[in-house]
Amino acid sequence: MTRPAQAILDLSALAHNLERVRALAPGRRLMAVIKANAYGHGLIRVAGALRASEAYALACLDEALVLHEAGISHPMVLLEGFFSSREFPILSKYDVAAVIHHDEQLRMLEADRPTGTLAVWLKIDSGMHRLGLAPERVAAAYQRLKAIPGVKLQGFMTHLASADERDNPVTMQQVECFGRATAAYLEPRSIANSAAILAWPQSHADWVRPGLMLYGVSPFADQTGTAHGLRPAMSLQSRLMAVNRFTQGERVGYGGEWRCPEDMTVGVVAIGYGDGYPRHARTGTPVLVNGRRVPLIGRVSMDMICVDLRSQPQAQIGDPALLWGGELPVEEVAQYAGTIPYELLCRVTSRVQVLSSP
Ligand SMILES: *Cc1c(COP(=O)(O)O)cnc(C)c1O
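All residue numbers refer to positions counted from 1 along the written sequence of the respective chain. Per-residue local features are limited, in this predicted model, to residues with pLDDT of at least 70; the limit for side-chain atom pairs, both in listing and counting, is 80 or more; totals at the level of whole chains, interfaces and linings are taken over all residues. Excluded from the side-chain calculations are hydrogens and water; all other atoms, namely the structure's heavy atoms, are used.

Thoughts on the side chain of Thr285
Its place among the elements puts Thr285 in the loop between β13 (264-269) and β14 (286-289). A 3.5 Å cut-off defines polar contacts: any pair of N or O atoms within that distance qualifies, except that in protein one atom must be a possible hydrogen donor and the other a possible acceptor, and neighbouring residues in sequence count only when both atoms are side-chain atoms. A polar contact of 2.5 Å, which involves the side chain of Thr285, links it to the backbone oxygen of Arg282. Here Thr285 is in contact with Tyr277, Val294, Pro295, Leu296, Val333 and Tyr336, once residues within four sequence places are set aside. Going along the chain from the N terminus, every DSSP run of H or I of four or more residues is numbered as a helix, and every run of E of two or more is numbered as a strand. Here, residues are in contact when the closest pair of their heavy atoms is within 4.5 Å.

Printed below as a string of structure tokens:
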């Protein structure tokens, strides 16, 4: 690689964050959520670092197959389940569990009965109204699943809509709704994502499903992962590729939106939206050049951003620039870009070289 844009992964941070989840939810089983290329961190690498989990949670079979092709066999759960009965033989062969969230999937199981054993979770809609069966339909679905030979029900699952809002009464209503819908059964239960693990101990149940916090990032808008004892796993970094002097009034970048308020030094960092740096990061978004904060200026380009180097006129081509990670929380950059840290992490593109530090 010739271009200096790199994502450095701290694999020991992943293991540390998993231990933080264990401390917060003692005695619960842990499904490490590594969907979407492990939130942009690299599926295979992250799976290796999170082997101490009891299972991996993925979105779909394609993601599970990437792991199997890499020789990784570990219990796996597909949060979106299957999309067609053609997946049944592969699910059985690799013993991958599918979440059943819709009547249509029940019908597929009844029509094209799996030939081997097929593990499933039943997802209940306790109020988010995205995926899941309505609570009053759980008893019938349970009977239907039990009647299909080869189908093994591993547990019940639900998902919380507002667990990141500590004062929102909706979360406890969802927990109670799910409790009532599953009270008659002995199978394990799972409710909690990262925000619920951190803020709603009443939701921990038998299995917790942390995603974002495993990567060291906070799901709450007003806090960073460090405040929860987490360590960020990804640092996105690059280098200054140009340092220029401009005079007062000169314009910088596409559209010439930003004008130099005085004679000054402007740096160009080799990172842009083609790497996954958010195009909507606004003027003032912090970047660490040589470990010190400088503000982004003007529009983000595909391959570059410009930074105000008035505080570091001595900076030189090749000096390091940190876009997030370490001392610069991705949570903060997300706020400047009008988005959430989940999106920034997932969006890092394949052009960025990923390196791991053990
Ligand atoms: C993505 C996902 C999670 C993990 O959520 P985080 O907020 O990243 O912890 C848990 N459960 C389900 C069903 C999910 O889709």
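Moving on from the coordinates now.
Describing the site of the ligand
Around the ligand lies a shell of 13 residues, among which Lys35, Tyr39, Ser194, Leu212 and Tyr342 are the nearest. Taking Gly211, its main chain carries an N or O atom lying 2.9 Å from an oxygen atom of the ligand. Polar here means any residue outside two lists: the nonpolar Ala, Val, Leu, Ile, Met, Phe, Trp, Tyr, Cys and Pro, and the charged Asp, Glu, Lys and Arg; Gly therefore counts as polar. Among the residues forming the shell around the ligand, the class breakdown is six nonpolar, four polar and three charged. Whether a residue is near a molecule or strand depends on its heavy atoms: if one lies within 4 Å, it is near.

Brief notes about the environment of Thr226
Checked against the element boundaries, Thr226 lands in the loop between β9 (207-208) and β10 (234-246). Note: C-alpha distance between Thr226 and Pro210 (16 residues apart in sequence) is 16 Å.

Some details on helix α7 (residues 138-146)
Throughout, exposure labels follow a simple rule: accessible area from a 1.4 Å probe, protein chains only, divided by the maximum for the residue type, with under 20% read as buried, over 50% as exposed, and the rest as partly exposed. Those residues of α7 lying buried are Val138, Ala141, Tyr142 and Leu145. In an axial view of α7, the angular spread of the buried residues amounts to 105 degrees, which keeps them on one side of the axis. In this fold, the buried residues of α7 make contact with α6 (103-111), β6 (118-123), β7 (151-157) and α8 (170-182). In this description, the arc belongs to the directions extending from the helix axis to the C-beta atoms.

Focus on the packing of aromatic side chains
Think of a pair of aromatic rings as described by two things: how far the centres are apart, and how the planes are tilted against each other in angle. Aromatic pairing here means that ring centres of Phe, Tyr or Trp (its six-membered ring) are within 6.5 Å. Orientation follows from the plane angle: under 30 degrees is stacked, over 60 is edge-to-face, and everything else is tilted. In total, this model carries eight aromatic pairs according to the counting rule given. Summarising the aromatic geometry, the rings of Trp121 and Trp207 are spaced 6.0 Å apart at their centres and angled 85 degrees between planes, so their arrangement reads as edge-to-face. Taken as a pair, Trp121 in strand β6 and Trp207 in strand β9 lie far apart in primary sequence, 86 residues in all. Taking the relative accessible area as the measure of exposure, Trp207 reaches 10% and is therefore buried. Ring pairing ties together the aromatic residues Tyr39, Tyr215 and Tyr342, which thus form one cluster.

Re the packing of α6 against α7
The axes are straight lines fitted to the C-alpha atoms, using for helices just the contacting stretch, and the angles between their N-to-C directions are given from 0 to 180°. Put simply, α6 and α7 touch, their axes get as near as 10 Å, and they point 20 degrees apart. Taken together, the axes of α6 and α7 are roughly parallel relative to one another. Considering the relative orientation of α6 and α7, their crossing is left-handed. Along its contact with α6, which presents Asp103, Leu106, Arg107, Leu109 and Glu110, the element α7 presents Ala141, Arg144 and Leu145. Looking at the contact of α6 with α7 residue by residue, the class counts come to four nonpolar, no polar and four charged. Oblique is the label for any angle not covered by the other classes, which are roughly parallel (under 35 degrees), roughly antiparallel (over 145) and roughly perpendicular (65 to 115). Throughout, a crossing is termed right-handed when the near helix is turned clockwise from the far one, and left-handed when it is turned anticlockwise from it by less than a right angle.

A word on the nonpolar core
One finds Ile34, Tyr277, Ile305 and Trp324 to be the most contacted residues of the largest nonpolar core, which totals 112 residues. If you count residues domain by domain, this core takes at least three from each of domain 1 (11-217) and domain 2 (234-357). Non-local contacts of Ile34, meaning those with residues more than four positions away in its chain, are made with Leu43, Val46, Ala47, Leu50, Tyr56, Ala57, Leu58, Leu67 and Tyr215. Residues belong to one nonpolar core when they are buried, are Ala, Val, Leu, Ile, Met, Phe, Trp, Tyr or Cys, and are joined through side-chain atoms within 4.5 Å. Of all hydrophobic cores here, the second largest spans nine residues; its members include Cys260, Val268, Ile297 and Cys306. Domain start and stop positions are those given by an automatic or database domain assignment.

Describing the domain arrangement of the protein
When its domains are assigned, the protein resolves into domain 1 (11-217) and domain 2 (234-357). A C-alpha centroid distance of 37 Å is found between domain 1 and domain 2. Contact residues are listed per partner, giving nine residues for domain 1 and 10 residues for domain 2. Roughly 940 Å² of surface becomes buried between domain 1 and domain 2 when both sides are summed, with 66% attributable to carbon and sulfur atoms. Any carboxyl oxygen of Asp or Glu within 4 Å of a side-chain nitrogen of Lys or Arg constitutes a salt bridge here. Between domain 1 and domain 2 we count zero salt bridges in total. Inspection of the region where domain 1 meets domain 2 yields three residue pairs in polar contact (both at pLDDT 80 or more). Broken down by element, the side of domain 1 that touches domain 2 gets its largest block of residues, three residues, from helix α2 (residues 35-40). By residue class, the composition of the side of domain 1 that touches domain 2 is five nonpolar, three polar and one charged. Summed over both partners, buried area is the accessible surface (1.4 Å probe) that two parts give up on being assembled.

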